[in-house]
Amino acid sequence: MSQRSRRRGSLTRSFALVSLVGMVALGVALVTLTAQQMRAQAVGDGTSMAAVVARYAAGGVAAGSFVTGVASPDETAAIAARTSAFDERLVELRLWGLDGRLMYSSDPGTTSGLPHSERFAAAMSTGAPDPVVQEDVRRGTGTEPQRLTVLDVYVPVLPDDTADDAVPTGGSAGQPVGVAEVVLDHTETQATLARTSRTVTLAVAGGLVVLWLLLFRIVGTTSRRLRSTALENARLAMLDSLTGLPNRRLLGDQMRRAILRAEEDGGRVGLILLDIDRFKDINDTLGHDHGDTLLEQVAQRLRESLREEDVVARLGGDEFAVLLPDVRSVANAERLAGRVRQLFARPFEIGDMTLHIDTSIGVACLPDHADDASSLMRTADVAMYAAKHHRTGVAVYSPDTDDSSPTRLVLLGELHQALAASRAARRTEQQLLAAGRASGPDGRGDAPAGRPAATQLVMHYQPKLDLGTDRVVGYEALIRWSHPTRGVLAPSAFVPIAEQSGLIHDVTRFALEATVVQLARWEAEGRDLPVAVNLSAHDVTTPDVVATIEHLLAEHAVPARLLEVEITETALVADTSRVVPVLQRLHALGVRVAIDDFGTGTTSISQLRDLPVDTLKIDRVFISDLGEQGRDGSEVVVQAMVDLAHSFGLDVVAEGVEDAGTARVLTRLGVDQAQGFLWARPAPAEAIAQVGVADTHGPHPDGVTRPGELTA
């Protein structure tokens, strides 16, 4: 017998026992209360009869006789005559005088005696009858004594009950003048009570037994139905209501079991997640009924086509999962995912329509990509969305595509700390500068000892050269993160994380503030060259960035013409209605605007004509094609970009120039400025400052190098 069956049997027995004890207690209570009520009723009836007998008896005696305690022979005869009608039940009648003297007894053998003192006193003081059921032994007709159950009632006699209604001297009408002790035969009544009690007991017991049996049957039937319903609910809780496949909960349970077995056997567990592409369009176009039909057919194909040990589950919506409890390698799991994708090559028949459906499938394995069920599900999900994003159909998990990996979360926390440290260092620097200005008579003086602590986030600067004169005409500011354990990180390593987390605005403010501060220093040194700062797409959709730039320029007294902002073409066209007003305000402020990575977006000619921009920066993809191994027609594309920009009065900058041949081609095509490793790599401001300004030249397009060549 299973543990669950034993538990159900134990619960049933417990209910039977508890309910039986309850029924017995209820029966005993009912019988006891009923018997008490019947006995009380019988005593009450007898007491009423005794009161009648007492009044009849007292009606033949004068009140004065009760006071003296002596009844005359005439009164004795009158009492006997008046109470003769009650002889059938009357066992004995005694009259007690005011002082407790026996005045009369219907039993000839009783000529003297004393009343029960407590009962006599109670009747005299309260004026209420005092009944008692007791055993009585009397002489019978034979030699054996007669045992009776009698009701002995002490009834107070009032003056109104006597023959003359006279109130004794010093007494009152409500004060008893004596007591009539009426002894009634209670034997038959007691026997009737016993029989009635037995009948009631049997009736109550029988009724309660029947009720208990009915309740037990009802409870048993209900319990079985509830158990059946609970089992069905438990089964349905583990299954998808539409397809009948295991749901996410059951899949998680199966995954944990498979992982335990794999850990014991040294095996591998695979998980395939698939998502139906454009399923929302199907629901919106054909209706949810047709969408549900499609999901049912997908579930049927998956169930019929995979191995018996594989677990097919529906996670919700249009997302399915296939658990591979024992897979030999990641490559095998990928091949199985390819087979799953082939199941969708055959069209689906939905009513009278034929639908061709495609899927995106992600594959992950344990221990290759995860170490528990939760992380296995997560990595498979990451792989699935990578397949959907890159339209590869099937993708195996790769940490490179995992934007939510624990490593990136740690990096995000460290970026928070780096920004906080940079802000603290900036405040310290401002305090030092303020103290230095306040120490001299003219607002000038030596700064106090100490320097602000070095920060992890720093700005590097790459020069931009005029291709016609080979002279430096500006810089591009590029943020770098000098990570204490990972080394120097380029923006591509942490800017996407900052954009996803909303931290990008803090990063941009740091870059803007550091650049404006550097511009102020260079201007004080006589270097009047503009610097470009890259803005994220998240920055240019809000006017806050304009207020930040305006505040920084005013705080450090830097002319707006020395600051240039760069936004990518894709960011520009993604939300034109919000970006263009921001660019217009920057343009009105005097800040130059450049479109970065031009050629990778979809900017139309009319948009370019109306945009408040000053410079186009051709994407490095087109620049790299101009080399010796470049594509045919690349020069034509670049020439078209240059001509288009010049026709709108825009400057053209080429980025990513790495060889002299490309520089010569760009010069011939009319490109205005260029930057790249050919002249200098991005470097800190101190390294750039060592080069000089007016006499700084780079290599000629013809390859001849002049003195003062950029070496930073």
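Computed from a predicted structure; not experimentally measured.

> Can you break down the overall build of the protein chain residue by residue, with the values?
Check the secondary structure of the protein chain and you find 21 helices and 22 strands. When the 712 residues of the protein chain are sorted by exposure, 42% land in the buried category. Taken as a whole, the protein chain presents about 36700 Å² of accessible surface, with 53% of it coming from carbon and sulfur.

> If you had to explain a nonpolar patch on the surface to someone new, which residues and values would you point to?
Taken together, the side chains of Val 210, Leu 211, Leu 214, Leu 215 and Ile 218 define a hydrophobic patch exposed on the protein surface, amounting to about 430 Å² of accessible area. Along the polypeptide, Leu 215 turns up in helix 5 (residues 187-237). Judged by relative accessible area, which is 36%, Leu 215 ranks as partly exposed.

> Just give me the short version of unusual backbone geometry, but keep the residues and values in it.
That bond from Leu 366 to Pro 367 is cis: its omega, 15°, falls within 30 degrees of zero. Looking at where Pro 367 falls in the secondary structure, it is placed in the loop between strand 11 (359-366) and helix 10 (373-390). Positive phi values are uncommon outside glycine, yet Arg 278 reaches one of about 55°. In this fold, Arg 278 is placed in the loop between strand 6 (269-276) and helix 7 (279-286). Backbone geometry at Asp 597 places phi at a positive 55°, although glycine is not the residue there. Locating Asp 597 in the fold gives a position in strand 18 (residues 592-598).

> Outline the packing of aromatic side chains, supporting the account with residue identities and numerical values.
Applying the stated criterion across every chain, the model contains 5 aromatic pairs. Here Tyr 56 and Phe 86 contribute two aromatic rings whose centre-to-centre distance is 5.5 Å and whose plane-to-plane angle is 70°, an arrangement assigned as edge-to-face. Note that Tyr 56 is positioned in helix 1 (residues 3-58) and Phe 86 in the loop between helix 3 (73-82) and strand 1 (90-96), a separation of 30 residues in sequence. Ring centres of Trp 481 and Phe 494 lie 5.5 Å apart, and the angle between their planes is 85°; on these two criteria the pair is classed as edge-to-face. Placement of Trp 481 in strand 14 (residues 471-483) and of Phe 494 in helix 12 (residues 491-501) is noted, with a sequence separation of 13 residues between them.

> Hey, could you go over helix 20 (residues 660-669) for me, with residue numbers and the actual values?
Of the positions making up helix 20, those classed as buried are Thr 662, Ala 663, Val 665, Leu 666 and Leu 669. For helix 20, the angular spread of buried residues about the axis comes to 160°, placing them on one side. Check the buried side of helix 20 and you find it contacts helix 18 (620-624), helix 19 (634-647) and strand 20 (651-655). The opening residue of helix 20 is Asp 659, an N-cap whose side-chain oxygen sits 3.2 Å from the backbone nitrogen of Gly 661. The first or second residue beyond helix 20 is Gly 670, which carries a positive phi of 95°.

> Hey, could you go over the sheet that holds strand 8 (residues 319-324) for me, with residue numbers and the actual values?
With respect to topology, 5 strands assemble into an open sheet ordered 7-8-6-11-12, the strand pairing being mixed. Bordering the open sheet on either side are strand 7 (311-316) and strand 12 (394-396), each of which pairs with just one other strand. Averaged over all pairs of adjacent strands, the angle between strand axes in this sheet comes to 20°, irrespective of strand direction. With 3 bridges joining them, strand 11 and strand 12 adopt parallel strand pairing. When the sheet's bridge partners are listed, Val 363 is paired in strand 12 with Val 396. Against the sheet, helix 10 engages strand 6, strand 7, strand 8, strand 11 and strand 12, with an angle of about 145° to strand 11.

> Quick one: what's the story with the side chain of Asp 136, residue by residue and with numbers?
Structurally, Asp 136 can be placed in strand 3 (residues 130-139). With sequence-adjacent residues up to four places away left out, Asp 136 is seen in contact with Gln 146, Arg 147, Leu 148 and Val 150.

> How would you summarise the nonpolar core if you had to cite specific residues and measurements?
Counting 81 residues, the largest nonpolar core has Leu 415, Tyr 461, Ile 549 and Leu 586 as the members making the most contacts within it. Residue contributions to this core peak at 8 residues, all from helix 13 (residues 504-524). Once residues within four sequence positions are removed from consideration, Ile 549 is found in contact with Leu 512, Leu 563, Val 565, Leu 586, Leu 589 and Val 591. Formed by 31 residues, the second largest nonpolar core is a distinct cluster that contains Leu 245, Val 298, Phe 344 and Leu 355.

> Describe in detail the packing of helix 7 against helix 8 (residues 288-305), supporting the description with residues and values.
Contact geometry of helix 7 with helix 8 gives a least axis separation of 6 Å together with a crossing angle of 135°. Between helix 7 and helix 8, the interaxial angle falls into the category oblique. Along its contact with helix 7, which presents Phe 279, Ile 282, Asn 283 and Leu 286, the element helix 8 presents His 288, His 290, Gly 291, Leu 294 and Leu 295.

> Which residues make up a negative patch on the surface, and what are the values?
A cluster of acidic side chains, namely Glu 263, Glu 264, Asp 265 and Asp 326, defines a negative patch on the protein surface. Mapped onto the elements, Asp 326 comes out in the loop between strand 8 and helix 9 (330-342).

> Let's hear about the packing of helix 14 (residues 544-555) against helix 16 (residues 576-589): which residues, and what values?
For the pair helix 14 and helix 16, interaxial distance at closest approach is 10 Å and the crossing angle is 15°. In terms of orientation, helix 14 lies roughly parallel with respect to helix 16. You can see that helix 14 and helix 16 cross each other, and the crossing is right-handed. Within the contact between the two elements, helix 14 uses Val 545, Val 546, Ile 549, Glu 550 and Leu 553 and helix 16 uses Val 582, Arg 585, Leu 586 and Leu 589. Tallied by class, residues from the contact of helix 14 with helix 16 come to 7 nonpolar, no polar and 2 charged.

> Please give an account of the environment of Arg 256 that cites residues and values.
Locating Arg 256 in the fold gives a position in helix 6 (residues 248-265). By relative accessible area, Arg 256 is classed as partly exposed at 47%. Separated by 116 residues in sequence, Arg 256 and Asp 372 place their C-alpha atoms 7.8 Å apart.

> Give a detailed account of helix 7, specifying residues and quantitative values.
Among the residues of helix 7, Phe 279, Ile 282 and Asn 283 are the ones counted as buried. The buried side chains of helix 7 occupy one side of the element, clustering within an arc of 95° when seen end-on. Projecting away from the buried face of helix 7 at angles above 90 degrees are the exposed residues Lys 280, Asp 284 and Thr 285. The secondary structure elements touched by the buried residues of helix 7 are strand 6, helix 8 and strand 10 (353-355). In the segment just after helix 7, Gly 287 is the residue with positive phi, at about 100°.

> Any details on the pairing of strand 2 (residues 102-105)? Residues and values, ideally.
Along any regular strand the residues' side chains alternate between the sheet's two faces. As judged from the 3 bridges shared by strand 1 and strand 2, these two strands associate in the antiparallel manner. By the bridge assignment, Arg 94 is partnered in strand 2 with Ser 105. Turn length for the strand 1-strand 2 hairpin, with the two strands adjacent in sequence and antiparallel, is 5 residues, and the turn residue Gly 100 shows positive phi of about 90°.

> Break down the pattern of salt bridges for me, citing the residues and quoting the values.
Scanning all chains against the criterion turns up 24 salt bridges. Note that Glu 188 and Arg 195 form a salt bridge whose closest N and O atoms lie 3.6 Å from each other. According to the relative accessible area criterion, Glu 188 is exposed, its value standing at 52%. The exposure class of Arg 195 is partly exposed, given its relative accessible area of 39%. Here Asp 528 makes a salt bridge to Arg 561, at a shortest N to O gap of 3.2 Å. Of the two residues, Asp 528 is situated in the loop between helix 13 and strand 16 (531-534) and Arg 561 in the loop between helix 14 and strand 17 (563-568); the sequence distance between them amounts to 33 residues. Classification of Asp 528 by relative accessible area gives partly exposed; the value is 39%.

> Account for the environment of Thr 189, naming residues and giving values.
Looking at the secondary structure, you find Thr 189 in helix 5. A residue is classified by how much of its surface remains accessible, and Thr 189, at 22% relative accessible area, is partly exposed. In sequence terms Thr 189 and Val 43 are 146 residues apart; their C-alpha atoms lie 9.3 Å from each other. Beyond its immediate sequence surroundings of up to four residues, Thr 189 is in contact with Ala 42 and Arg 89.

About the criteria used
Residues numbered from 1 in each chain as written. Predicted model: local features only at pLDDT ≥ 70, side-chain atom pairs only at ≥ 80, totals over all residues. Heavy atoms only, no water. Helix = DSSP H or I, 4+ residues; strand = E, 2+ residues; numbered from the N terminus. Buried < 20%, exposed > 50% of the residue type's maximum accessible area, 1.4 Å probe, protein only. Areas by Shrake-Rupley, 256 points an atom, 1.4 Å probe, with all protein chains shown as cover. Patch = residues over 30% accessible without salt bridge, like charges linked within 9 Å, V, L, I, M, F, W, Y side chains within 5 Å. Salt bridge = Lys/Arg side-chain N within 4 Å of Asp/Glu carboxyl O. Phe/Tyr/Trp six-rings, centres within 6.5 Å; stacked < 30°, edge-to-face > 60°. Arc of directions from axis to C-beta. Contact = heavy atoms within 4.5 Å. Polar contact = N/O pair within 3.5 Å; in protein donor to acceptor, adjacent residues only side chain to side chain. Pairing = 2+ DSSP bridges. Axes fitted to C-alpha atoms, helices over the stretch in contact; angles between N-to-C directions. Core = buried A, V, L, I, M, F, W, Y, C linked by side-chain atoms within 4.5 Å. Parallel < 35°, antiparallel > 145°, perpendicular 65-115°, else oblique. Lys, Arg positive; Asp, Glu negative; His and termini not counted. Charge placed at Lys NZ, Arg CZ, Asp CG, Glu CD. Left-handed = near helix turned anticlockwise from the far one by under 90°. Nonpolar A, V, L, I, M, F, W, Y, C, P; charged D, E, K, R; others polar.

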